[in-house]
Amino acid sequence: MAEKNQTIVICMGSSCFSRGNKKLVQMIQDYLKENHLEDEVILKGAHCMARCDKGPVMKVNDELVCNITEETLLDLLEQKLGLGSR
Ligand code: FES
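Structural notes on the overall build of the protein chain
Piece 1. Assigned secondary structure in the protein chain consists of two helices and four strands.
Piece 2. When the helices and strands of the protein chain are read in sequence order from the N terminus, they spell out β-α-β-β-β-α.
Piece 3. Compactness check: the protein chain gives a C-alpha radius of gyration of 12 Å against a globular reference of 12 Å for 86 residues, within 12% of the reference.
Piece 4. Judged by the C-alpha coordinates and their principal axes, the protein chain covers about 35 × 25 × 20 Å.
Piece 5. The proportion of buried residues among the 86 residues of the protein chain is 20%.
Piece 6. Of the contacts made within the protein chain by residues no fewer than 6 positions apart, 68% connect residues no fewer than 24 positions apart.

Basis of the calculations
- Residues numbered from 1 in each chain as written.
- Predicted model: local features only at pLDDT ≥ 70, side-chain atom pairs only at ≥ 80, totals over all residues.
- Helix = DSSP H or I, 4+ residues; strand = E, 2+ residues; numbered from the N terminus.
- Rg over C-alpha atoms; globule rule 2.2 N^0.38 Å.
- Buried ≥ 20, exposed ≤ 12 C-beta atoms within 10 Å, placed from the backbone.
- Contact = placed C-beta atoms within 7 Å.

Pasting the structure below:
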């Protein structure tokens, strides 16, 4: 089985949650499932990351990503997870 070597930490603080992460977390789960990445990518929730003004936010492999929308999420995942060439 492939090792889990990438991590997404999504902010589940109330500001980010209500501004989109409630939906985005579901989209990420679906994306990982559809692309058979559940064994490679760890998805975790976190408390407020103290960047509410730039929310919704998440960290992909420790890099903070801000102002995520449903439109930008999938491109962002492909880019940050380096999966565009698959
Ligand atoms: S609620 Fe997400 S940064 Fe504060």
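And the narrative resumes.
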